[in-house]
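Examining the three-dimensional arrangement
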Amino acid sequence: MERTIYKRAVIDEIVRYLHTDDIIVLHGARQVGKTSIMIYLQRQLIAQDEQTIYLDLEDSRLTAILDRGVEEFLRYLQEEGADLVERSQQGRKLFVLVDEIQYLSNPSSFMKLIADHHTNIKLIVSGSSSFEMKSKFRDSLVGRTVDFVMYPLSFREMLHFRGIPFVPSPSYTDKKMLELQALYVEYALYGGYPKIVLTPDASMKERYLQQIIDTYVRKDIRDLADIRDVSKFNRLLEILAAQSGNLLNIAELSNTCDLSRPTIERYLFLLEQTFIVKIVRPYSRNLRAELFKTPKVFLCDTGLMQMLWLKRLQREVLGPVFETSVFAELLKLCGADQVAYWRTADKKEVDFIVQRPLAPMALEVKLSFPRAIPPAIKSFLQAGSSDPEAYRVVGLYGTPAGERMIYPWQLEDSDVIQ
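Presented here is an overview of the structure given in this document. (Residues numbered from 1 in each chain as written. Predicted model: local features only at pLDDT ≥ 70, side-chain atom pairs only at ≥ 80, totals over all residues. Heavy atoms only, no water.)

Another aspect to go through is the sheet that holds strand β5 (residues 145-150). Across the sheet, five strands lie side by side as β2-β3-β4-β1-β5; this open sheet has parallel pairing. The open sheet has two free edges, formed respectively by β2 (51-56) and β5, since each of these has just one partner strand. The sheet shows a mean angle of 15° between the axes of neighbouring strands, taken without regard to direction. As paired strands, strand β3 (residues 94-99) and strand β4 (residues 121-127) are joined by five bridges and run parallel to one another. Across the sheet, F95 pairs through a bridge with K122, a residue of β4. Where helix α6 (residues 107-117) meets the sheet, it contacts β1 (23-28), β4 and β5, and its direction lies at approximately 155° from that of β4. (Pairing = 2+ DSSP bridges. Helix = DSSP H or I, 4+ residues; strand = E, 2+ residues; numbered from the N terminus. Axes fitted to C-alpha atoms, helices over the stretch in contact; angles between N-to-C directions. Contact = heavy atoms within 4.5 Å.)

Spelled out as structure tokens, the structure:
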């Protein structure tokens, strides 16, 4: 029986590059569905009468073939039935999908040779660690690749995977509103990893999340960083999860975990490169000031956040969990580089500033909608925003007091990211 593969939102963007000469590169944490995206693309290409070959480099035999060089790779393709001469004469490409490209000794050289000398082969590759890929990819690939970052599912993708209809609207019936609210609570509590979304039983969700933590999060980082004192690293992970949405105090982390500052910074870098955490910089019109202000740290998935922090999934959404869920939505909608926060010396603070071409958008996150505009947003707008209406309050419970108070599932349809 053929495995069910769901369409991710990013696929429409990827498809635009299928028939260019670019190498398509998919980055993302393990278990977020990169392989499923590769299979989805392969099925689409086969339906268009294109010839495809899929290689999973977790099979060390395939890795060895590619590591022996391009000629060995071409010989393998011919053995698998690829007629490169005929494809070239027809002006068509052979699509080769390579999963976990970082396992190659020198993926950069391999990809460059294919891109430069075998233009009848279209490479679509994936990798689970940006750090590992960046350490092996060289500047010689500049201009030859187009990159896509895969994160856990967005809320709308969760609805799609579950077959739940969703039509964007400025207002909903009470019945639909309660349904969306209950579903978002579930999304915030359990996170967006595809396997978790598709598992109905809460205790099984917990077990699967713990497996992701033990098998992929801790193991991958340990292998990359050659960590000797695992207990201290685990302690750091737990503290970061507990402090998701808080200011990043490296000195405090160093004392609490009994790790040197350079070690903490190295671990944070690796956690970012493996898509477990994201560092959010303060918003400032002055780049120098931005570089010297304290950043915040967020987990990229609320399910992982709670399992690391509280050791189990909760029954009610906590404030930090809701804020982290909104951050995760923004991460998928507009990318980490476009999301900042704002804080003054007298501690006025706006949760998120989405950087847009015309005017930054201020976002304040409240578990329950407030009755009026939060004072911090007024302060931010008075500080020099060119658009006095460029703000939103994102809430989950209660009744929005005005059109600029929205639910998290309305982020994509408002002008927050435009």
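Next comes the rest of the write-up.
Take the sheet that holds strand β13 (residues 405-406) next. Pairing within the open sheet is mixed, and its five strands lie in the order β9-β10-β11-β12-β13. The two strands at the open ends of the sheet, each matched to only one other strand, are β9 (339-343) and β13. Pairing analysis gives three bridges linking strand β10 (residues 349-354) to strand β11 (residues 361-368), with the strands arranged antiparallel. By the bridge assignment, I353 is partnered in β11 with A362. Of the strands in this sheet, β9, β10, β11 and β12 (391-397) are in contact with helix α18 (residues 375-382), which crosses β10 at around 55°.

With that out of the way, let us pick up the pattern of salt bridges. What the rule picks out here adds up to 28 salt bridges. A salt bridge links E265 to R261, with the nearest nitrogen and oxygen atoms 3.3 Å apart. Here R261 and E265 lie together in helix α14 (residues 261-273), a separation of four residues that amounts to about one turn. The exposure class assigned to R261 is partly exposed, which follows from its relative accessible area of 44%. The network of salt bridges with common partners includes R30, E58 and E100. (Salt bridge = Lys/Arg side-chain N within 4 Å of Asp/Glu carboxyl O. Buried < 20%, exposed > 50% of the residue type's maximum accessible area, 1.4 Å probe, protein only.)

Orientation of helix α9 (residues 174-190) relative to helix α17 (residues 319-334), taken along the N-to-C sense of each, is 90°, at an axis distance of 9 Å. Classified by the interaxial angle, the pair formed by α9 and α17 is roughly perpendicular. Touching Y184, Y187 and A188 of α9 are V321, F322, S325, V326, E329 and K332, all from α17. Split by residue class, the contact of α9 with α17 holds six nonpolar, one polar and two charged. (Parallel < 35°, antiparallel > 145°, perpendicular 65-115°, else oblique. Nonpolar A, V, L, I, M, F, W, Y, C, P; charged D, E, K, R; others polar.)

To continue, consider the side chain of Q102. Looking at the element boundaries, Q102 is found in the loop between β3 and α6. By relative accessible area, Q102 is classed as buried at 1%.

This brings us to α17. The end-to-end C-alpha distance of α17 is 23 Å, a good match for the 22 Å that 16 residues give at a rise of 1.5 Å each. All of the buried residues in α17 are V321, F322, E323, T324, S325, V326, F327, A328, E329, L330 and L331. Count one or two residues on from α17 and you reach G335, which has phi positive near 90°. (Expected span 1.5 Å × (residues − 1).)

Another point: helix α3 (residues 60-67). Note that an α-helix has 3.6 residues per turn; residues three or four places apart therefore point the same way. Among the residues of α3, those classed as buried are L62, T63, I65 and L66. What you see down the axis of α3 is that its buried residues fit within an arc of 160°, all on one side. Opposite the buried face of α3, by more than 90 degrees, sit the exposed residues S60 and R61. Those residues of α3 hidden inside the fold are in contact with β2, α4 (70-79), β3 and α6. Immediately downstream of α3, the backbone of G69 shows phi near 120°, a positive value. (Arc of directions from axis to C-beta.)

This next bit is on the packing of aromatic side chains. This structure, assessed with the given rule, holds 19 aromatic pairs. With 5.4 Å between their ring centres and 85° between their planes, F233 and Y267 make a pair best called edge-to-face. With F233 in helix α12 (residues 230-242) and Y267 in helix α14, the pair connects residues that are 34 residues apart, well separated along the chain. Comparing F233 with Y267 shows no difference in burial state: the two are buried. With 4.8 Å between their ring centres and 5° between their planes, Y407 and W409 make a pair best called stacked. (Phe/Tyr/Trp six-rings, centres within 6.5 Å; stacked < 30°, edge-to-face > 60°.)

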